[in-house]
Amino acid sequence: MADDIKNILGIDSSTGRLSIAVSRNEKLLSEMTDCDSMKHMVNIMGLLDRTLRKAKLTIGDIDVFGVNLGPGDFTGTRIGISVIKTLAWLERKPSFGINSLDIYAVGISRENEKFISRYPGRDVPALVMPCLDVRKSEVYFSFYEITAEADKKHPSGIEIGDRSYIINKVGGNFLVKNTELKGFLNGMTVKGILNIPGGIDGYKNSKVLIGGNCFSSYGKTISDAASQNNIFQLDKKTTYPRARYLNICTYLKAARKVESGNLIPVYVREFVPFGGIKK
Amino acid sequence: MDIDKEIINKGKIDKGKYTKYNFMNIIKNGDRKDIYILGIETSCDDTCAAVVRNGSEVLSSIVSSQDEIHGKYGGVVPEIASRKHIEVIEMVINEAIQKSGIDFGKINAVSVTNRPGLIGSLLVGVGAAKAVSFSANIPLIAVNHLEAHLYSNILENPDMGGGFIGLIVSGGHTSLYLVDNGWNIKEIGHTVDDAAGEAYDKIARYLGLGYPGGPLIDALSRKGDSSYIDFPKPMIDSGDFNFSFSGLKTALIYRTKKDKTLMSEKNISGLAASFQRSVVEVLTEKTLKAARRFGVKKILVSGGVAANSELRKEFLRKGGERNIEIYIPPLYLCMDNAAMVGCLGHHRYIDGRFNDLKVDVYSRSDI
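Computed from a predicted structure; not experimentally measured.

## Observations concerning the overall build of chain A
1) Next: Within chain A, the secondary structure is distributed over seven helices and 14 strands.
2) Next: Taking 19 Å as the expected radius of gyration for a compact globule of 279 residues, we find that chain A reaches 19 Å, a close match to that expectation.
3) Next: Reported as C-alpha extents along the three principal axes, the dimensions of chain A are approximately 60 × 55 × 30 Å.
4) Next: In chain A, which comprises 279 residues, the proportion classed as buried is 54%.
5) Next: Sequence-distant contacts in chain A: of pairs separated by 6 or more residues, those separated by 24 or more amount to 67%.

Now the structure itself:
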């Protein structure tokens with residue numbers, strides 16, 4: 001169906017790496033990354049231009065825009081949002097904001113094809129837990145359930161390897177002190193049953209794949225928890241949100257006909273200046 | 001910091017990989033087509049966009065103020081400012097285009113403040129301006145906020161010309177500039193501590209009046225006797241053109257601590273009027289001295305504090321006495337606005353001075 005083909009441009013500037021990708025539907029056309037963490041403002045348009053050229057497209061060919069809304073670095077995230085929302089407005093095209101956790105979840109799933117392919121299909125979902133270091137000694141995470149294989153047109157279906165799976169978020173987002181993370185993980189597992197607060201009653205025989213950028217700061221805490229409970233597996237490689245996975249999230253949102261626009265950064269905590277208003 | 005290095009050589013078209021400009025023909029052919037500049041300004045707490053025709057006609061000037069939000073804290077909170085900018089930026093630009101009544105395709109260039117200011121705030125405006133430049137394939141012009149303030153009066157008096165002393169006085173800046181006939185700008189003085197507007201805000205907060213402090217103290221002063229307390233007039237005879245308002249603020253605080261009745265309802269207007277008189281006296285005297293020293297006959301006052309009724313009155317009175325023309329733009333051009341950014345952008349545009357899309361933002365910068 002020709003009118004279903006959508007060119008997607010995604011910018012992720014929420015971390016020290018600036019990642020920009022162009023996709024056609026779920027297929028990646030080009031992706032470029034700049035690791036010069038303090039120079040997003042300087043590099044963003046040049047990188048955007050090069051990514052478009054590599055995909056042999058111009059800005060006018062883009063049908064859908066996507067951007068990482070965070071949680072992430074405050075200033076970095078705003079650079080990407082400012083550029084994307086202005087581009088989308090001028091090009092008169094829809095734009096979608098994606099939560100960092102969603103991008104990590106897709107990224108971790110895609111990067112761990114072997115892990116994913118072992119579980120679904122035997123009534124055992126695989127669980128993916130992107131876990132972010134959000135400073136102030138806190139970690140921010142949520143859970144995603146990857147269930148049985150789906151046909152490729154399923155609105156929540158992502159391709160991993162040569163198969164397609166349904167990915168859905170389970171429960172809410174959690175903001176936990178790093179010292180309480182181990183307790184939280186242990187509390188989820190009683191005799192091999194996983195209980196995700198706010199999720200369904202429990203998972204038997206499931207495994208949780210933990211990934212995200214939390215390993216550099218809290219690698220030991222997580223490794224300790226994982227060594228005590230063999231239901232946890234670790235992905236230490238997926239440490240930044242890549243724009244190619246952002247584009248998959250954007251594609252899924254566009255396909256589900258979610259309302260576009262209204263791009264406002266996601267912050268994990270309420271901002272209280274000077275420790276509160278003094279009278 | 002040598003910002004000018006980033007400005008692409010005068011008159012040369014950037015043949016780099018970022019943009020392909022095709023507008024030079026317009027100038028070369030001597031075609032007298034109208035030039036439309038989109039201005040964007042987000043250096044502090046106001047999100048502003050404007051469309052300026054031919055460098056002097058303001059077709060639209062939109063200002064989305066955050067005063068109410070920052071009022072709770074008695075001053076601008078940088079993190080809140082950038083959070084609010086990012087929420088409204090494209091809506092403000094869109095409104096400026098809509099209100100201007102012109103088609104977006106007519107815009108010749110986008111001009112944006114990239115220095116000096118709050119980094120988090122500047123990034124939002126410059127990011128949007130880069131996207132506009134990239135998408136519409138028009139040149140990007142990054143300008144200095146303070147220089148734009150000096151250009152604000154051109155919008156009112158297109159024939160004003162150079163050869164004047166410029167006083168930029170606001171919540172963030174208090175600086176004196178010598179602008180020669182060729183519009184070469186030289187800073188001759190600046191505040192060594194608080195800006196005048198900052199002192200107003202801090203005093204208003206101390207007296208529990210609210211935010212922004214300028215208009216509140218100004219209103220209160222009109223009811224009071226300005227000779228009630230003889231406050232110091234800091235650096236009035238310093239021999240240079242620098243300012244200082246921190247000590248005046250401290251003087252007021254010490255006086256009220258010694259004598260609590262000064263803050264009573266009966267006396268507070270006298271207190272405010274006396275404080276205001278000191279500020280106004282220093283600003284007017286030093287600016288007029290600068291005009292005499294450099295032998296110029298014109299003074300331009302801009303920035304948020306130029307809205308102060310006493311400052312306007314005193315400048316006009318003293319200017320009249322000493323035969324010096326005083327230019328104070330109307331309120332909407334004194335405060336932070338994007339029309340002045342568009343005006344300066346126009347002059348850059350006709351000079352062929354553009355920036356490439358690598359341009360960065362700077363918290364501090366001289367003109």
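## Points about the domain arrangement of chain A
The parts lose accessible area when they come together, and the size of an interface is often stated as this lost area.
Residue and element names in this part refer to chain A.
1) Next: Here chain A is described as being made up of domain 1 (7-99 + 240-268) and domain 2 (102-234).
2) Next: The interface is formed by 17 residues belonging to domain 1 together with 18 residues belonging to domain 2.
3) Next: Three residues, Asn99, Tyr245 and Val268, lead the burial of domain 1 against domain 2; their summed loss comes to 35% of the area buried on that side.
4) Next: Taken together, domain 1 and domain 2 are joined by two salt bridges.
5) Next: Where Arg135 meets Asp73, a salt bridge forms, and the shortest distance between an N and an O atom there is 3.3 Å.
6) Next: Linking domain 1 with domain 2 are four residue pairs in polar contact (both at pLDDT 80 or more).
7) Next: Among the elements that line the side of domain 1 that touches domain 2, the one with the most residues is helix H7 (residues 243-255), at five residues.
8) Next: The residue makeup of the side of domain 1 that touches domain 2, split by class, is ten nonpolar, two polar and five charged.

## Examining the packing of aromatic side chains
1) Next: Summed over all chains, the structure comprises 13 aromatic pairs over all chains.
2) Next: Ring centres of B:Tyr200 and B:Phe275 lie 5.3 Å apart, and the angle between their planes is 80 degrees; this geometry places the pair in the edge-to-face category. Residue B:Tyr200 is found in helix H6 (residues 196-206), and its partner B:Phe275 is found in helix H9 (residues 268-294); the two are separated by 75 residues along the sequence. For the pair shown, B:Tyr200 and B:Phe275 are each scored as buried.
3) Next: Here the basic side chain of B:Arg83 rests over the ring of A:Tyr267, its NZ or CZ set 3.4 Å away from the ring centre.

## Let's talk about helix H5 (residues 178-188) of chain A
Residues and elements named next belong to chain A.
1) Next: Every buried residue of H5 is accounted for by Asn178, Leu181, Phe184, Leu185 and Met188. Along H5, the residues classed as buried sweep out an arc of 95 degrees about the axis, all on the same side. More than 90 degrees from the buried face of H5, the exposed residues found are Thr179 and Gly187.

## Points about the sheet that holds strand S3 (residues 57-64) of chain B
Two pairing modes exist for strands in a sheet, parallel and antiparallel, and in both the strands are linked by backbone hydrogen bonds.
Residues and elements named next belong to chain B.
1) Next: Strand order in this open sheet of five strands is S3-S2-S1-S4-S5, and the pairing throughout is mixed. Each of the sheet's edge strands pairs with one partner strand only, and the pair in question is S3 and strand S5 (140-144). Neighbour-to-neighbour, the strand axes of this sheet turn through a mean angle of 20 degrees, independent of strand direction.
2) Next: Alignment of strand S4 (residues 109-115) against S5, held across five bridges, turns out to be parallel. Across the sheet, residue Val110 finds its bridge partner in S5, namely Leu140.
3) Next: Against the sheet, helix H4 (residues 119-136) contacts strand S1 (36-41), S4 and S5, and its axis sits at roughly 155 degrees relative to S4.
4) Next: Along the sheet face, helix H12 (residues 339-351) touches S1, strand S2 (47-53), S3, S4 and S5 and points at about 130 degrees away from the line of S1.

## Looking at the interface of chain A and chain B
1) Next: Facing 32 residues of chain A, the contacting portion of chain B comprises 33 residues.
2) Next: Across the interface of chain A and chain B, roughly 3000 Å² is buried in total on both sides, 71% from carbon and sulfur atoms.
3) Next: For the pair chain A and chain B, the interface holds two salt bridges.
4) Next: Between B:Glu90 and A:Lys85 there is a salt bridge, with its nearest N and O atoms 3.3 Å apart.
5) Next: Counting across the chain A and chain B interface gives ten residue pairs in polar contact (both at pLDDT 80 or more).

## Some words on the pattern of salt bridges
1) Next: In this structure the tally under the stated criterion is 30 salt bridges over all chains.
2) Next: Salt-bridge contacts for A:Asp49 lead to A:Arg53; the nearest nitrogen and oxygen are separated by 2.9 Å. With a gap of four residues between them, A:Asp49 and A:Arg53 both fall in helix H1 (residues 40-54), about one helical turn apart.
3) Next: Note that B:Asp240 is salt-bridged to B:Lys286, the shortest N-O span being 3.7 Å. In this pair, B:Asp240 is assigned in the loop between helix H7 (213-221) and helix H8 (246-258) and B:Lys286 in helix H9, connecting sequence segments 46 residues apart.
4) Next: For B:Asp240, a relative accessible area of 31% translates into the label partly exposed.

## Observations regarding the packing of H6(B) against H9(B)
Residues and elements named next belong to chain B.
1) Next: Where H6 contacts H9, the axes come no closer than 11 Å and their chain directions differ by 175 degrees. Regarding the angle of H6 to H9, the classification is roughly antiparallel. Taking contact as the criterion, the partners of Ala196, Ala199, Tyr200 and Ile203 in H6 are, on H9, Phe275, Gln276, Val279 and Leu283.
2) Next: Residues that form the contact of H6 with H9 fall into these classes: seven nonpolar, one polar and no charged.

## A look at the sheet that holds strand S13 (residues 207-211) of chain A
Residue and element names in this part refer to chain A.
1) Next: Here we have six strands laid out as an open sheet, ordered S8-S9-S7-S6-S13-S14, and mixed in their pairing. Two strands in the sheet have a free side with no partner beyond their single neighbour: strand S8 (157-160) and strand S14 (232-234). Shown here is a sheet whose adjacent strand axes are inclined to one another by a mean of 35 degrees, direction ignored.
2) Next: In this sheet, strand S7 (residues 138-149) lies alongside strand S6 (residues 126-133) in antiparallel orientation, the contact comprising six bridges. Across the sheet, residue Asp133 finds its bridge partner in S7, namely Val139.

Parameters at a glance
Residues numbered from 1 in each chain as written. Chains lettered and ligands numbered in written order. Predicted model: local features only at pLDDT ≥ 70, side-chain atom pairs only at ≥ 80, totals over all residues. Heavy atoms only, no water. Helix = DSSP H or I, 4+ residues; strand = E, 2+ residues; numbered from the N terminus. Rg over C-alpha atoms; globule rule 2.2 N^0.38 Å. Buried < 20%, exposed > 50% of the residue type's maximum accessible area, 1.4 Å probe, protein only. Contact = heavy atoms within 4.5 Å. Domains from an automatic or database assignment. Buried area = accessible area lost by both parts, 1.4 Å probe. Salt bridge = Lys/Arg side-chain N within 4 Å of Asp/Glu carboxyl O. Polar contact = N/O pair within 3.5 Å; in protein donor to acceptor, adjacent residues only side chain to side chain. Nonpolar A, V, L, I, M, F, W, Y, C, P; charged D, E, K, R; others polar. Phe/Tyr/Trp six-rings, centres within 6.5 Å; stacked < 30°, edge-to-face > 60°. Lys NZ or Arg CZ within 6 Å of the ring centre and 35° of its normal. Arc of directions from axis to C-beta. Pairing = 2+ DSSP bridges. Axes fitted to C-alpha atoms, helices over the stretch in contact; angles between N-to-C directions. Parallel < 35°, antiparallel > 145°, perpendicular 65-115°, else oblique.

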